[in-house]
Amino acid sequence: KDYLHGALKRDTRYKPLDAAETDDVNIVITIAGRRYQIDDPDSIDIANYGVVATSENNETDVIVPSEINSIDALKRRLKGKEINQIYVFRAVIIR
(Lines give C-alpha, C1' and ligand atoms only; values in the text may rest on other atoms or scores of the structure.)
Protein backbone atom coordinates (compact mmCIF):
# COMPACT_ATOMS: atom_id res chain seq x y z
CA LYS A 1 0.00 0.00 0.00
CA ASP A 2 2.64 2.51 1.04
CA TYR A 3 4.75 1.65 -2.03
CA LEU A 4 1.84 2.42 -4.36
CA HIS A 5 0.98 5.63 -2.52
CA GLY A 6 4.63 6.68 -2.73
CA ALA A 7 4.76 5.93 -6.44
CA LEU A 8 1.68 8.04 -7.04
CA LYS A 9 2.33 10.93 -4.65
CA ARG A 10 5.99 11.13 -3.68
CA ASP A 11 7.94 10.15 -6.81
CA THR A 12 10.24 13.12 -7.35
CA ARG A 13 11.75 11.84 -10.60
CA TYR A 14 9.11 13.58 -12.69
CA LYS A 15 7.11 16.77 -12.24
CA PRO A 16 3.30 16.56 -12.38
CA LEU A 17 1.69 17.06 -15.78
CA ASP A 18 -0.42 20.05 -16.67
CA ALA A 19 -3.79 19.31 -18.27
CA ALA A 20 -2.51 20.77 -21.57
CA GLU A 21 0.30 18.18 -21.70
CA THR A 22 -1.88 15.07 -21.51
CA ASP A 23 -2.44 14.80 -25.27
CA ASP A 24 1.30 14.36 -25.85
CA VAL A 25 1.90 11.74 -23.14
CA ASN A 26 2.61 8.04 -23.57
CA ILE A 27 1.80 6.11 -20.42
CA VAL A 28 3.96 3.15 -19.41
CA ILE A 29 2.80 0.92 -16.56
CA THR A 30 5.24 -1.40 -14.79
CA ILE A 31 3.87 -4.33 -12.83
CA ALA A 32 6.48 -5.41 -10.29
CA GLY A 33 6.94 -8.82 -8.73
CA ARG A 34 8.52 -9.51 -5.35
CA ARG A 35 12.01 -8.19 -4.94
CA TYR A 36 14.99 -10.27 -3.93
CA GLN A 37 18.54 -9.33 -3.02
CA ILE A 38 21.45 -9.96 -5.39
CA ASP A 39 25.21 -9.62 -5.02
CA ASP A 40 26.32 -9.02 -8.60
CA PRO A 41 24.73 -6.11 -10.53
CA ASP A 42 26.35 -7.40 -13.73
CA SER A 43 24.02 -10.42 -13.60
CA ILE A 44 20.82 -8.36 -13.90
CA ASP A 45 18.65 -8.98 -16.95
CA ILE A 46 17.68 -5.32 -17.32
CA ALA A 47 15.19 -6.04 -20.09
CA ASN A 48 13.00 -7.99 -17.65
CA TYR A 49 13.99 -6.90 -14.16
CA GLY A 50 13.83 -3.64 -12.28
CA VAL A 51 16.31 -2.59 -9.62
CA VAL A 52 15.96 -1.29 -6.08
CA ALA A 53 19.25 0.11 -4.75
CA THR A 54 19.58 1.27 -1.15
CA SER A 55 22.45 3.52 -0.14
CA GLU A 56 24.21 3.88 3.21
CA ASN A 57 22.13 6.96 4.07
CA ASN A 58 18.90 4.96 3.45
CA GLU A 59 18.09 6.61 0.11
CA THR A 60 16.34 4.20 -2.21
CA ASP A 61 16.48 4.30 -6.00
CA VAL A 62 13.85 2.34 -7.90
CA ILE A 63 14.69 1.83 -11.57
CA VAL A 64 12.35 0.05 -13.96
CA PRO A 65 13.46 -1.59 -17.22
CA SER A 66 12.03 1.18 -19.40
CA GLU A 67 14.36 3.70 -17.71
CA ILE A 68 17.66 1.99 -18.55
CA ASN A 69 18.95 0.07 -21.55
CA SER A 70 22.21 -1.45 -20.31
CA ILE A 71 24.16 -2.43 -17.21
CA ASP A 72 26.48 0.50 -17.96
CA ALA A 73 23.47 2.87 -17.87
CA LEU A 74 22.50 1.40 -14.50
CA LYS A 75 26.02 1.92 -13.16
CA ARG A 76 26.04 5.53 -14.41
CA ARG A 77 22.68 6.13 -12.71
CA LEU A 78 24.05 4.85 -9.38
CA LYS A 79 27.52 6.39 -9.73
CA GLY A 80 28.72 8.27 -6.67
CA LYS A 81 26.25 6.60 -4.33
CA GLU A 82 27.41 4.28 -1.58
CA ILE A 83 25.11 1.37 -2.40
CA ASN A 84 24.86 -1.23 0.34
CA GLN A 85 21.99 -3.39 -0.94
CA ILE A 86 20.72 -4.17 -4.43
CA TYR A 87 17.45 -5.95 -5.09
CA VAL A 88 15.81 -6.93 -8.35
CA PHE A 89 12.19 -7.56 -9.20
CA ARG A 90 10.53 -9.12 -12.22
CA ALA A 91 8.87 -6.33 -14.19
CA VAL A 92 6.15 -6.56 -16.78
CA ILE A 93 5.87 -3.41 -18.90
CA ILE A 94 2.56 -2.34 -20.45
CA ARG A 95 2.76 0.42 -23.06
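Look up: the structure comes first, before these words.
From a predicted model like this one, the values you see are computed outputs, not experimental measurements.

## Quick word on the nonpolar core
If you look at the biggest cluster of nonpolar residues, it comprises 13 residues, and the most contacted ones within it are Ile44, Val51, Ile63, Ile68 and Leu74. Taken together, the elements giving at least two residues each to this core come down to strand S2 (49–55), helix H2 (71–78) and strand S4 (83–94). In terms of residue count, the dominant contributor to this core is H2 (4 residues). Every residue in contact with isoleucine 68, bar those within four places of it in the chain, is listed here: Ile46, Ile63, Ala73 and Leu74. Core analysis: the next-biggest nonpolar cluster, separate from the first, contains 5 residues, Val52, Val64, Tyr87 and Phe89 among them.

## Here's the deal with the side chain of aspartate 61
For aspartate 61, the location among the structural elements is in strand S3 (residues 60–63). A distance of 2.8 Å separates polar atoms of two side chains, one belonging to aspartate 61 and the other to lysine 81. Among residues more than four places away in sequence, those in contact with aspartate 61 are Val51, Val52, Ala53, Leu78 and Lys81.

## Description of a nonpolar patch on the surface
Taken together, Leu17, Val25, Ile27, Ile29, Ile31, Val92 and Ile94 make up a surface patch of nonpolar side chains, about 610 Å² in accessible area. Residue assignment for the nonpolar patch shows that the elements contributing at least two residues are strand S1 (29–38) and S4. Tracing the backbone shows isoleucine 29 in strand S1. Residue class for isoleucine 29 comes out partly exposed when judged on its relative accessible area of 45%.

The rules we used
- Residues numbered from 1 in each chain as written.
- Predicted model: local features only at pLDDT ≥ 70, side-chain atom pairs only at ≥ 80, totals over all residues.
- Heavy atoms only, no water.
- Core = buried A, V, L, I, M, F, W, Y, C linked by side-chain atoms within 4.5 Å.
- Buried < 20%, exposed > 50% of the residue type's maximum accessible area, 1.4 Å probe, protein only.
- Helix = DSSP H or I, 4+ residues; strand = E, 2+ residues; numbered from the N terminus.
- Contact = heavy atoms within 4.5 Å.
- Polar contact = N/O pair within 3.5 Å; in protein donor to acceptor, adjacent residues only side chain to side chain.
- Patch = residues over 30% accessible without salt bridge, like charges linked within 9 Å, V, L, I, M, F, W, Y side chains within 5 Å.
- Areas by Shrake-Rupley, 256 points an atom, 1.4 Å probe, with all protein chains shown as cover.
- Salt bridge = Lys/Arg side-chain N within 4 Å of Asp/Glu carboxyl O.

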